[in-house]
Amino acid sequence: MNIDEKIKIYDKDSIEYFKECKYKKVIMNGVFDDLQELKLKLIALYNEKILYLDYFASEAKYHGWDVNSQEFKNMVNLIDDIKTMFLKIYILTEIGTGQKIYIDK
């Protein structure tokens, strides 16, 4: 994995969070290095799990789920919130290391 690998920010709430974020690049080497290491782990987790968490929604009808049921909506909302919070954490690592944030429009 490459430290230059990026996650494009696509979630509306995450984009808004980025635009309103008050943090700046860190100046302590140890903190910078920790954020770089965290970023690599976040990218790996994103590629392995987070990116595909909502895949179930595309197959729900096939498996007999009522997509209008409260149970299904609960699952969709839960996964959406997990993805949003994950992207916010990723944004913080990028800001903390002074990197450019890529927004997928």
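(A) Representation of the nonpolar core. I7, I9, Y46, F86, L87, Y90 and I91 are the most contacted members of the largest nonpolar core, which totals 14 residues. Of all the elements in the fold, those that place two or more residues in this core are helix 2 (29-48) and helix 4 (70-96). Top element by residues in this core is helix 4. It accounts for 5 residues. Excluding residues that lie within four positions of it along the chain, L87 makes contacts with I7, I9, Y10, D11, S14 and Y46.

(B) How the structure looks around the packing of aromatic side chains. Counted by the stated rule, this structure contains 2 aromatic pairs. Between Y46 and F86 the ring centres are 5.9 Å apart and the planes differ by 25°, which places this aromatic pair in the stacked class. A residue pair is termed long-range when its members are at least 10 positions apart, and Y46 in helix 2 and F86 in helix 4 qualify at 40 residues. Like Y46, the residue F86 is buried in the burial classification. The cationic tip of K100 hangs over the ring face of Y102; the distance from NZ or CZ to the ring centre is 5.7 Å.

(C) Spatial organisation of a negative patch on the surface. A surface patch of negative charge is lined by D13, E16, E20, D80 and D81. Of all the elements in the fold, those that place two or more residues in the negative patch are helix 1 (12-20) and helix 4. Counting residues per element, the negative patch draws most heavily on helix 1, which supplies 3 residues. One can find D13 in helix 1. Residue class for D13 comes out partly exposed when judged on its relative accessible area of 40%.

About the criteria used
Residues numbered from 1 in each chain as written. Predicted model: local features only at pLDDT ≥ 70, side-chain atom pairs only at ≥ 80, totals over all residues. Heavy atoms only, no water. Core = buried A, V, L, I, M, F, W, Y, C linked by side-chain atoms within 4.5 Å. Buried < 20%, exposed > 50% of the residue type's maximum accessible area, 1.4 Å probe, protein only. Helix = DSSP H or I, 4+ residues; strand = E, 2+ residues; numbered from the N terminus. Contact = heavy atoms within 4.5 Å. Phe/Tyr/Trp six-rings, centres within 6.5 Å; stacked < 30°, edge-to-face > 60°. Lys NZ or Arg CZ within 6 Å of the ring centre and 35° of its normal. Patch = residues over 30% accessible without salt bridge, like charges linked within 9 Å, V, L, I, M, F, W, Y side chains within 5 Å. Areas by Shrake-Rupley, 256 points an atom, 1.4 Å probe, with all protein chains shown as cover. Salt bridge = Lys/Arg side-chain N within 4 Å of Asp/Glu carboxyl O. Lys, Arg positive; Asp, Glu negative; His and termini not counted. Charge placed at Lys NZ, Arg CZ, Asp CG, Glu CD.

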